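# Structural features, examined
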Amino acid sequence: MEKRSESIKRRRQEKLANIKFRKIDILILIMTLFGLLGYRHCMHVADHHQIVIEQQAKARVAKIAKEKAAAAKKRAAKSVMRTPINWKESSEKVPYPNLNNVKNFWIKVALLKNRTYLMSGNKVIYTMYCSGGLFHKDPNTGKMVSDTPTGTYQIQPERGQSFFNNSLNEGANYWVSWKDNGVYLFHTVPTKKDGSYNVSEAEKLGKQPASHGCIRLSVPDAKWMMQNLKVGTKVVVQND
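Residues numbered from 1 in each chain as written. Predicted model: local features only at pLDDT ≥ 70, side-chain atom pairs only at ≥ 80, totals over all residues. Heavy atoms only, no water.

When helices and strands are counted, the protein shows 3 helices and 11 strands. Walking the protein from its N terminus toward its C terminus, one meets helices and strands in the order α-β-β-β-β-β-β-β-β-β-α-β-α-β. Within the protein, buried positions represent 33% of all 240 residues. Sequence-distant contacts in the protein: of pairs separated by 6 or more residues, those separated by 24 or more amount to 60%. Carbon and sulfur atoms make up 56% of the accessible area of the protein, which totals about 16,100 Å². (Helix = DSSP H or I, 4+ residues; strand = E, 2+ residues; numbered from the N terminus. Buried < 20%, exposed > 50% of the residue type's maximum accessible area, 1.4 Å probe, protein only. Contact = heavy atoms within 4.5 Å. Areas by Shrake-Rupley, 256 points an atom, 1.4 Å probe, with all protein chains shown as cover.)

Shown next as structure tokens:
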């Protein structure tokens, strides 16, 4: 009887142990499943996060491109310069300044930029396309210098409707002197002996140096300069 009781007790203990192990196995299985689900969730979150980052990066690039395009469009709309350059028309699409209302008026010529600036103090009030003297190498210094002299000069009394230089086989209209009393001038793009404009030379206006030393301007710009520049107006010619 005693042996039977011990046997029953042992079987119960074994049964309880088996149940315990099964619970542990189930718990391990549950933890494993949760682990797998958690891993997949983490991977999903990571993938989603990566997609979000890529989308944000693309959005930033698109935004920057849009802002640049808008800025370029705004600059183009704001610019009053006439494009493409037309030597038959004024350089700007707005009226010329009324010099009676301009303080500290002077003229700056930038030879390499092919621009002539009408200035009020330090402020540019009108920009003209121009072409100054051709550049060549100075044999003494080895530097590139223009046939247009640089420095500070002033508008002189000499001016006129047209001229023709037989030695150069070239002329121009609407001229006004700024150095050496009729030698260095503001004038139109060049004319031929018959008075017509030299179109191949005129097309260089505002794009490259081209003259023998004078400052070439569009036809309306040169006419305005001849008619409006007062004697004594400061003219600064620079290589920039």
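Pairing in this open sheet of 9 strands is mixed, and the strands run 6-11-1-2-3-10-9-8-7 from one edge to the other. The open sheet terminates on both sides in strands that have one partner only, identified here as strand 6 (151-154) and strand 7 (159-165). Within the sheet, the average angular offset between the axes of one strand and its neighbour, ignoring direction, is 35 degrees. Pairing analysis gives 6 bridges linking strand 1 (residues 105-110) to strand 2 (residues 115-120), with the strands arranged antiparallel. (Pairing = 2+ DSSP bridges. Axes fitted to C-alpha atoms, helices over the stretch in contact; angles between N-to-C directions.)

Summed over all chains, the structure comprises 7 aromatic pairs. Between the aromatic rings of Tyr 96 and Trp 224, the centroid separation amounts to 5.3 Å while the plane-to-plane angle is 20 degrees, which identifies the pairing as stacked. Placement of Tyr 96 in the loop between helix 1 (2-78) and strand 1 and of Trp 224 in helix 3 (residues 219-228) is noted, with a sequence separation of 128 residues between them. Trp 224 gets classed as buried once you look at its relative accessible area, which sits at 8%. (Phe/Tyr/Trp six-rings, centres within 6.5 Å; stacked < 30°, edge-to-face > 60°.)

The omega angle of the peptide bond from Thr 83 to Pro 84 is -5 degrees, so this bond is cis rather than trans. On the secondary structure map, Pro 84 appears in the loop between helix 1 and strand 1. In the Ramachandran plot, Asn 169 falls in the positive-phi region, its phi being about 55 degrees despite a non-glycine side chain. If you trace the backbone, Asn 169 turns up in the loop between strand 7 and strand 8 (170-179).

This paragraph deals with the pattern of salt bridges. Summed over all chains, the structure comprises 5 salt bridges. For the salt bridge of Arg 82 with Glu 89, the shortest nitrogen-to-oxygen distance reads 3.0 Å. Owing to a relative accessible area of 32%, Glu 89 belongs among the partly exposed residues under this scheme. Between Glu 201 and Lys 204 there is a salt bridge, with the nearest N and O atoms lying 2.8 Å from each other. Beyond isolated ion pairs, a larger network of salt bridges with shared partners links Glu 170, Glu 201, Lys 204 and Arg 216. (Salt bridge = Lys/Arg side-chain N within 4 Å of Asp/Glu carboxyl O.)

So, on to the nonpolar core. Counting residues in each nonpolar core, the largest one holds 34 residues, and the members touching the most others are Ile 107, Trp 178, Phe 186, Met 225 and Leu 229. Looking at this core, the elements that each hand over two or more residues are strand 1, strand 3 (123-131), strand 8, strand 9 (184-188), strand 10 (215-217), helix 3 and strand 11 (234-238). Counting residues per element, this core draws most heavily on helix 3, at 5 residues. Apart from residues lying up to four places away in sequence, Met 225 is in contact with Ile 107, Thr 116, Leu 118, Met 128, Arg 159, Val 176, Phe 186 and Leu 217. (Core = buried A, V, L, I, M, F, W, Y, C linked by side-chain atoms within 4.5 Å.)

The next point concerns the environment of Lys 143. As for its position among the elements, Lys 143 is in the loop between strand 4 (135-137) and strand 5 (144-146). Residues contacting Lys 143, with those up to four places away along its chain left out, are His 136, Lys 137 and Asp 138.

By the secondary structure assignment, Val 109 is in strand 1. Val 109 gets classed as buried once you look at its relative accessible area, which sits at 0%. With 129 residues separating them in the primary sequence, Val 109 and Gln 238 have C-alpha atoms 6.0 Å apart. In this structure, Val 109 is in contact with Arg 115, Thr 116, Phe 186, Ile 215, Val 236, Val 237 and Gln 238, ignoring residues within four places of it in sequence.

You can see Ser 90 is positioned in the loop between helix 1 and strand 1. Separated by 2.8 Å, the side chain of Ser 90 and the backbone oxygen of Glu 92 make a polar contact. If we skip the residues at most four places from it in the chain, Ser 90 touches Arg 82, Tyr 96, Tyr 126, Ser 218, Pro 220 and Asp 221. (Polar contact = N/O pair within 3.5 Å; in protein donor to acceptor, adjacent residues only side chain to side chain.)

Let us now look at the side chain of Ser 218. Along the chain, Ser 218 falls in the loop between strand 10 and helix 3. One polar contact links Ser 218 to Asp 221, side chain to side chain, over a distance of 3.2 Å.

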